[in-house]
Amino acid sequence: MDILLIRHARPHRITDPAGADPGLTPEGEDQARRLAKALSNGRYGRVARLVVSPMRRARETTEFVQAAEDLDAHVEDRLAELDRGWTTYGV
């Protein structure tokens, strides 16, 4: 079994007192589309399972792969990034 560890695509920079969990920028969406295309073309072998962080940027990146591979993603809370709950991201 091979495991691909893929970092999320480019998210927005954000400051929000309620907590920063940004979604993808248009550039990030393009990156996620290219990732999905590379994976669906078999560049890295067959994708059998998707496991994703609960962070919005990671889930949005995975949505493109889910659509290309017709797979559901398992959200794994233990994969949350260190900045979970912070009020800024990328600032």
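Notes on the structure in this doc start here. These figures come from a predicted structure and were not determined experimentally.

## Overview of helix H2 (residues 56-69)
- With 14 residues, H2 should reach 20 Å at 1.5 Å per residue; the first-to-last C-alpha distance of 20 Å fits that figure.
- Among the residues making up H2, those that are buried are Arg 57, Ala 58, Glu 60, Thr 61, Thr 62 and Val 65.
- In this structure, the buried side of H2 is in contact with helix H1 (26-40), strand E2 (50-52), strand E3 (73-75) and strand E4 (88-89).
- Asp 70 lies just past H2 and shows a positive phi near 55 degrees.

## Re the pattern of salt bridges
- Summed over the entire model, instances satisfying the criterion amount to eight salt bridges.
- Note that Glu 27 and Arg 10 form a salt bridge whose closest N and O atoms lie 3.0 Å from each other. In this pair, Glu 27 sits in helix H1 while Arg 10 sits in the segment before strand E1 (14-15), placing the two residues 17 residues apart along the sequence.
- Overall, the relative accessible area of 42% leaves Glu 27 in the partly exposed class.
- The partner of Glu 60 in a salt bridge is Arg 56, and the shortest N-O contact between them spans 2.8 Å. Here Glu 60 pairs with Arg 56, and both are found in helix H2, just four residues apart, close to one helical turn.
- With relative accessibility at 39%, the residue Arg 56 sits in the partly exposed group.
- Shared partners join several salt bridges into a network, and the residues in it are Asp 21, Arg 57 and Glu 81.

## Section: H1
- Here H1 contains 15 residues, and its C-alpha end-to-end distance of 21 Å stays within 8% of the 21 Å for a straight helix at 1.5 Å per residue.
- Among the residues of H1, Gly 28, Ala 32, Leu 35, Ala 36, Ala 38 and Leu 39 are the ones counted as buried. Viewed along the axis of H1, the buried residues span an arc of 165 degrees, placing them on a single side of the element. Those residues of H1 that are exposed and aimed more than 90 degrees away from the buried face are Pro 26, Arg 34 and Lys 37.
- Where the residues of H1 are buried, they touch H2.
- One or two positions beyond H1, positive phi appears at Gly 42, with a value near 80 degrees.

Definitions and cut-offs
- Residues numbered from 1 in each chain as written.
- Predicted model: local features only at pLDDT ≥ 70, side-chain atom pairs only at ≥ 80, totals over all residues.
- Heavy atoms only, no water.
- Helix = DSSP H or I, 4+ residues; strand = E, 2+ residues; numbered from the N terminus.
- Expected span 1.5 Å × (residues − 1).
- Buried < 20%, exposed > 50% of the residue type's maximum accessible area, 1.4 Å probe, protein only.
- Contact = heavy atoms within 4.5 Å.
- Salt bridge = Lys/Arg side-chain N within 4 Å of Asp/Glu carboxyl O.
- Arc of directions from axis to C-beta.

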